[in-house]
Amino acid sequence: MRRATTVLTFLATGDPTGLKFTVEYGASRALFDFGREHAPGRALFSLGLEPRPGRELDDLLAIGMAPRLEGLYRDWGGRTSVFISHLHLDHTFLVRYLDPAVPLYYPAAMEELRAACAGAGLVPWRTPAGIGIADRKTIGCGEIEVEFVAVDHDLPGATGFLIRTPDLSLAYTGDHRWHGLHPELTEGFAEAARGVDVLVQEAVSLAPRDAVAPEVAAAQVERLTEAAVIARFEELLGRARALVVANLYPMNRERVSALGRACQKSGRMLLMDPQAAVVAGWEEILGDPAAVAADPSRYCVALGFHSLPTLIDLRPPAGSIFIQSDGSPLGIWDPAWTVLLAWIQMFGLELVHLASSGHSRSEDVVRMVRTVAPGLVLPVHTRAPEALEVPGIARLVPVPLQPYTDGQLRSLRA
Ligand SMILES: [Zn+2]
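Residues numbered from 1 in each chain as written. Predicted model: local features only at pLDDT ≥ 70, side-chain atom pairs only at ≥ 80, totals over all residues.

Draft legend 1. The arrangement of the overall build of the protein chain in detail. On a plain count of helices and strands, the protein chain comes out with 13 helices and 19 strands. Since a compact globule built from 414 residues should have a radius of gyration of about 22 Å, the 22 Å found for the protein chain is in line with a globular shape. In terms of overall dimensions, the protein chain has a C-alpha envelope of 80 × 50 × 35 Å along the principal axes. Expressed as a percentage of the 414 residues in the protein chain, the buried residues total 46%. (Helix = DSSP H or I, 4+ residues; strand = E, 2+ residues; numbered from the N terminus. Rg over C-alpha atoms; globule rule 2.2 N^0.38 Å. Buried ≥ 20, exposed ≤ 12 C-beta atoms within 10 Å, placed from the backbone.)

Draft legend 2. Layout of the sheet that holds strand 15 (residues 321-325). The strand order across the open sheet built from five strands is 13-14-12-15-16, with neighbouring strands paired in parallel fashion. Across the chains shown, the open sheet's two edge strands, defined by having one partner strand only, are strand 13 (269-272) and strand 16 (350-353). On average, adjacent strands in this sheet sit at an angle of 25° to one another, irrespective of strand direction. Here four bridges tie strand 15 to strand 16, and the two strands are oriented parallel to one another. Paired with Ile323 across the bridge in strand 16 is Val352. (Pairing = 2+ DSSP bridges. Axes fitted to C-alpha atoms, helices over the stretch in contact; angles between N-to-C directions.)

Draft legend 3. Spatial organisation of the packing of helix 6 (residues 226-239) against helix 7 (residues 253-265). As a packed pair, helix 6 and helix 7 sit with axes 9 Å apart at the nearest point and diverge in direction by 25°. Considering their axes alone, helix 6 and helix 7 lie roughly parallel with respect to each other. Between helix 6 and helix 7 lies a crossing whose hand is right-handed. Contacts between helix 6 and helix 7 involve Val229, Ile230, Phe233, Glu234 and Leu237 from the former and Arg255, Ala258, Leu259, Ala262, Cys263 and Lys265 from the latter. Looking at the contact of helix 6 with helix 7 residue by residue, the classes come out as eight nonpolar, no polar and three charged. (Parallel < 35°, antiparallel > 145°, perpendicular 65-115°, else oblique. Left-handed = near helix turned anticlockwise from the far one by under 90°. Contact = placed C-beta atoms within 7 Å. Nonpolar A, V, L, I, M, F, W, Y, C, P; charged D, E, K, R; others polar.)

Draft legend 4. Molecular detail of the domain arrangement of the protein chain. When cut into domains, the protein chain gives domain 1 (6-209 + 359-411) and domain 2 (221-353). If you average the C-alpha positions of domain 1 and of domain 2, the two centres end up 31 Å apart. On the side of domain 2, 16 residues touch domain 1, which itself brings 17 residues to the contact. A per-class count over the side of domain 1 that touches domain 2 returns eleven nonpolar, four polar and two charged. (Domains from an automatic or database assignment.)

Draft legend 5. Highlighting the environment of Gly78. Take Gly78: it is sitting in the loop between helix 1 (56-62) and strand 4 (80-83). With 50 residues separating them along the chain, Gly78 and Ser28 place their C-alpha atoms 8.2 Å apart.

Draft legend 6. Here's a closer look at the sheet that holds strand 9 (residues 159-165). With respect to topology, seven strands assemble into an open sheet ordered 7-8-9-10-11-17-18, the strand pairing being mixed. The open sheet is flanked by strand 7 (138-141) and strand 18 (394-395), the only strands paired with a single partner. Pairing analysis gives five bridges linking strand 9 to strand 10 (residues 168-172), with the strands arranged antiparallel. From the neighbouring strand, Leu162 faces strand 10, where its bridge partner is Ala171. Each of strand 8 (144-150), strand 9, strand 10 and strand 11 (198-202) touches helix 4 (residues 183-193); the most contacted strand, strand 8, lies at about 150° to it. Contacting strand 10, strand 11 and strand 17 (376-380), helix 12 (residues 362-372) crosses the sheet at an angle of about 165° to strand 11.

Draft legend 7. Summary view of the nonpolar core. The biggest cluster of nonpolar side chains holds 112 residues, and the ones touching the most others in it are Leu199 and Val301. Counting contributing residues, this core receives three or more from each of domain 1 (6-209 + 359-411) and domain 2 (221-353). Contact partners of Leu199, with chain neighbours within four places excluded, come to Ala171, Ala193, Val369, Val372, Pro374, Val377 and Leu378. (Core = buried A, V, L, I, M, F, W, Y, C linked by C-beta atoms within 7 Å.)

Encoded structure:
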């Protein structure tokens, strides 16, 4: 009988989103993340084009936005388990199509947000939902062991993974950052992963040498830490005299509640539209906009892109402020960006950027690689994998659908 060997395959390397990969050993296969590419104005399904009702999965399979793997969507067959790092759609969109028999694992700390988003229809989820796994717990998938190790990202319940097979150790960072409110989690992951054979490194913020990545240009107009964004909320609300409107990312529950607290301190109430409020776990809902229009200095209204027409009813008076704080669209690379600017201009709002990316800055990507000190690093979830250079550490830019055996991966070590 042939000896079993570990095989690592990227179904999508994430350019810059939609990363998914499998680790196989013998008869077992672990699949990590199962989302859909988010690239407005570039992806085939974007700008309002959606898979057609009743044949969504077939449409996604036909154009390669869902991977063709047996035993995932039907007829499980006992081979594959699925592991989810966090709730963002570029990591979870396809979960809704999983066969009910496929073992599905995600961080327990994600459950409250997942249930809220599934209930609000924002992130439809498979039934049964799967199993929430506590931090630092290990799940077996045949002879593959998968340990959940939390990281800090811009939503509750993000994790990385340590993956061990009989012949190889891997770490997958998941989406993470060092400048959030919980850097000790990211640091703990780096410690736990130290010395692995292979590091699969999320690297959204890496920029090609001659260009600034759109994500960086947009989300880091001024590079702020999450704590600095929160402090700026307070300063801004202290000086604001008219209506304040904020475009937030509702899944970032910590930022929403921080803005809510800052509002309270300055005698305002933060109001959200009903769906965003469910996602954010926020209780105060925007009811009749006329009530806000009658007394604008007592309110801060959170409006997402699709709620911008509500500005017509809110009638923001002179001196009103629009805070762009990581709600979609994230930047000029999204065709919706100029539309957002047109609304802001139409109502004469002062635009204030208070943003803090959920992703490690490029120097922190390097810091992660240095701290983990793997035998080999594979930069993924980025447009510029070749920009990752860490002296003394071998790098492989993985090719989609190319299987890498443990022998090949080891031979590439520095
Ligand atoms: Zn992501």
